[in-house]
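One letter stands for each residue in the lines below.
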Amino acid sequence: SKGGMLYAPDVHNSVLGIGHLAQSKGARVNTFGFQKDTLCWDLDSVRARIKEGGKHGGNWLFVIPGQSNASGIKHPIGECIARAKAAGWDVCLDAAALAPSRGLDLSASTGVDADFVALSFYKIFGYPTGIGALIARKISLNKLRKPWFAGGTVRLVLDPRNTKNKAPKPLMHDRESSEHWEDGTINFQQTMAVCMGVEMMESIGMVNIALHLDALSHWLAGTVRTLRWPNGARFALIPDVQGPSKQGSTVSFIPVLDDGEILPAPIVERLAIKRGIAIRTGCFCNPGTGFQMADFQNGGSRVHFRGWSDLEMLKKMGLLVRASVGIPTTFDDVYTFIAFIREDLLARPDDLRAMAREHMERETSSAAQSGEVGFRGG
C-alpha cells in the first residue's frame, strides 16, 4: 500500500509496535539516526527522510517524542514538525515525558501544531495511573480507520441472523466523538482526579515548574559529569547535549568503574534503595537509546549483537541509570543523590569491582546454562 511511517531513534516501544503493524500492512517504515557520540538527533538525516516520504502518495505519519523518555533530552521538535507538515506528513507527538515540565501550546504559531499528541496524566501529577489522552485534530482524526468495535464504541449492532452475510453489522459512534475511540467503560472514578491534578499544576504555574526543573536537572547533569574515582577516572559516561537540543528533567548515564569497565546499573539501583533513593535502570522501553549508548561506551564503534541472547545480556546489565526530577524534588534531594554516589560508590572502588565481577559471573553463568552468550564490540 502507499504511505509510510518515520519515527525518531529514541521513541518508546509503543511507537515501535505501531511501526510493526504499519509494516505488516505494506507501509514503508523508517527511522533516522543520532549524531555520533550523542543522543541528539541527526537533523540532516531527519530532513532527508522527511523529503523522501514527501515524494510519494498516500498517508505518511511522522512520530517523535518531545522529550526522550530515556535520556531526557528535549529535541528541536518545532523545526522537525514544520518540515514534516510542509512535506505532507501527519505528525504524532509523544508528549508523555515533555508535558510534566513544559506547557503544551499546539497552535500553529508555536511550530508544535502536531496532528496527534499522546500524554499520560500520572507522569504530569503522579496520579492516577492508567489514564492518558490522545489529542487529535479533527481533520487528521478522519484519516484513521478503526478495524474493530467493542463496548461503548458502538451505538447499535444488528443481529447476525437478520443480515445476509451472517456477520454483526455495527453502527458506530461519530468519528469526532470520544466514544468512537474508547473501548469499554472508562475509569470514571479515577478520572475525577485528573481535574484536581490539572488545577494543582495551574496553581503552581508551568513557567515556575519549568524554571525549577531546569535548574535541578542542569545542576544534576553538570555535577555527574564531574564525578571521578580516586584514581581520576570518570564515573559516568554521559554524552554532551549539542546543537538546538536541551537537557530535560531526566538525566541518564552509564556508570563506569575506575578500571573502565561498566558498573552494572542494577548494583547502583540496589545500593540507592538502601539509602531511600528511587532511580530507574535499564533502557526504559527505549531500545534505540540503549543501542546508541552501548556504541558510545564502546568508544563510538558499533556493538554487534549476534542474536536475542546478546540483547538479553545487555538488558541484564541494566546499562543506564536514570535520575529524574519533578515538582516535589528539591535541591536537597539532588544533593543527597550526589552524596550517595560519592560516599557509597566512589569511596569504595575495590568493593564495587568485586560486586561487578560477581554480578557478571552470575549473569554469564545463567546465560551459559540457557545457551546464551554475551555481546561483543567491533
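Quick caveat: nothing in here was measured; it's all calculated off a predicted structure.

The rules we used
Residues numbered from 1 in each chain as written. Predicted model: local features only at pLDDT ≥ 70, side-chain atom pairs only at ≥ 80, totals over all residues. Heavy atoms only, no water. Salt bridge = Lys/Arg side-chain N within 4 Å of Asp/Glu carboxyl O. Helix = DSSP H or I, 4+ residues; strand = E, 2+ residues; numbered from the N terminus. Buried < 20%, exposed > 50% of the residue type's maximum accessible area, 1.4 Å probe, protein only. pLDDT = per-residue confidence, 0-100. Contact = heavy atoms within 4.5 Å. 1 Å grid on protein atoms, 1.4 Å probe; cavity = no way out; pocket = protein on both sides within 12 Å on 5 of 7 lines; lining within 4 Å. Points joined across faces, edges and corners; volume = space filled by probe spheres on them. Pairing = 2+ DSSP bridges. Axes fitted to C-alpha atoms, helices over the stretch in contact; angles between N-to-C directions. Patch = residues over 30% accessible without salt bridge, like charges linked within 9 Å, V, L, I, M, F, W, Y side chains within 5 Å. Areas by Shrake-Rupley, 256 points an atom, 1.4 Å probe, with all protein chains shown as cover. Nonpolar A, V, L, I, M, F, W, Y, C, P; charged D, E, K, R; others polar. Arc of directions from axis to C-beta.

Colleague: Even after reading the chapter, I still don't get the pattern of salt bridges, so can you show me in this structure?
Modeller: Think of it this way: side chains of opposite charge can pair up when their charged atoms draw near. Enumeration over the complete set of coordinates arrives at 14 salt bridges. Here aspartate 44 and arginine 47 are joined by a salt bridge, their closest N and O atoms 2.8 Å apart. Taken together, the residues aspartate 44 and arginine 47, both in helix H2 (residues 43-53) and three residues apart, mark about one turn of the helix. Residue classification places aspartate 44 among the exposed positions, given a relative accessible area of 55%. When salt bridges with common partners are traced through the structure, they connect Asp44, Arg47, Glu79 and Arg83 into a single cluster.

Colleague: Looking at this structure, I do not really get the confidence of the model for the protein chain. What am I missing?
Modeller: Of the residues in the protein chain, 88% have a pLDDT of 70 or more, and the chain-wide mean is 86. Looking across the protein chain, the model is least confident in strand E16 (residues 376-377), with a mean pLDDT of 38, and most confident in helix H11 (residues 331-346), with 97. Counting contacts from residues 373-378, a segment whose pLDDT is below 50, to residues more than four positions away or on other chains yields 24 contacts.

Colleague: How should I be thinking about empty space enclosed by the protein in this particular structure?
Modeller: Any empty space left between the atoms is revealed when a probe the size of a water molecule rolls over them. On inspection of all chains with the given rule, the structure shows one cavity of 30 Å³ or more. Taken as a whole, the largest cavity encloses approximately 70 Å³ of empty space. Leu39, Ser71, Ile73, Arg225, Ile238, Pro239, Val241, Gln247 and Ser252 together form the lining of the largest cavity.

Colleague: When you look at the pairing of strand E6 (residues 116-120) in this model, what are you seeing that I'm missing?
Modeller: Remember that side chains alternate between the two faces of the sheet whenever the strand is regular. Of all the five residues making up E6, four are buried; the element is thus mostly covered by neighbouring parts of the structure. Pairing geometry for strand E5 (residues 90-94) and E6, over three bridges, is parallel. Paired with aspartate 94 across the strands is alanine 118, a residue of E6. Sheet topology places E6 next to strand E7 (residues 132-136); five bridges connect them, and they run antiparallel.

Colleague: Whenever I open this one, the sheet that holds strand E2 (residues 28-31) confuses me. Can you help?
Modeller: Each strand in a sheet pairs with its neighbour through backbone hydrogen bonds, running either in the same direction (parallel) or in the opposite one (antiparallel). Spatially, the six strands line up as an open sheet ordered E2-E1-E3-E5-E6-E7, and their pairing is mixed. Edge positions in the sheet fall to E2 and E7, since each has one partner strand and no second. Ignoring strand direction, the axes of neighbouring strands in this sheet form an average angle of 15°. Direction of pairing for strand E3 (residues 60-65) relative to E5: parallel, over a ladder of five bridges.

Colleague: Looking at this structure, how should I read a nonpolar patch on the surface?
Modeller: There is a patch of nonpolar side chains on the surface, built from Trp219, Phe331 and Tyr335 and spanning about 330 Å² of accessible area. Mapped onto the secondary structure, phenylalanine 331 falls in helix H11. The exposure class of phenylalanine 331 is partly exposed, given its relative accessible area of 41%.

Colleague: When you look at the layout of surface pockets in this model, what are you seeing that I'm missing?
Modeller: By volume, the second largest pocket is sized at about 1100 Å³. What lines the second largest pocket is a set of 35 residues, among which Thr250, Ala323, Ser324, Val325 and Gly326 lie closest to the centre. Residue classes in the lining of the second largest pocket are distributed as 19 nonpolar, twelve polar and four charged.

Colleague: Mind showing me how you'd approach helix H3 (residues 77-86) here?
Modeller: Along an α-helix, residues three or four apart share an orientation, since each turn contains 3.6 residues. All of the buried residues in H3 are Ile77, Cys80, Ile81 and Ala84. Angularly, the buried residues of H3 cover 95° about the axis, an arc narrow enough to put them on a single face. On the buried face of H3, the contacting elements are H2, E3 and E5. Glycine 88 sits one or two positions beyond H3 and adopts a positive phi of about 95°.

Colleague: Just to check I follow, could you spell out the sheet that holds strand E10 (residues 236-237) for this structure?
Modeller: Taken in spatial order, the four strands make up an open sheet running E10-E12-E15-E13, and their pairing is antiparallel. Edge positions in the sheet fall to E10 and strand E13 (280-282), since each has one partner strand and no second.

Colleague: I would appreciate a short explanation of unusual backbone geometry in the present structure.
Modeller: If a residue is not glycine, its phi is most likely negative; likewise, a peptide bond is most likely trans. Between tyrosine 127 and the following residue, proline 128, the backbone shows a cis peptide bond with an omega angle of 0°. By the secondary structure assignment, proline 128 is in the loop between helix H4 (121-125) and E7. In this model, aspartate 37 sits at a positive phi of 60°, which is unusual for a non-glycine residue. Positionally, aspartate 37 belongs in the loop between E2 and H2. Note on aspartate 37: relative accessible area 33%, which makes it partly exposed. Phi at phenylalanine 284 takes a positive value of approximately 60°, unusual for a residue other than glycine.

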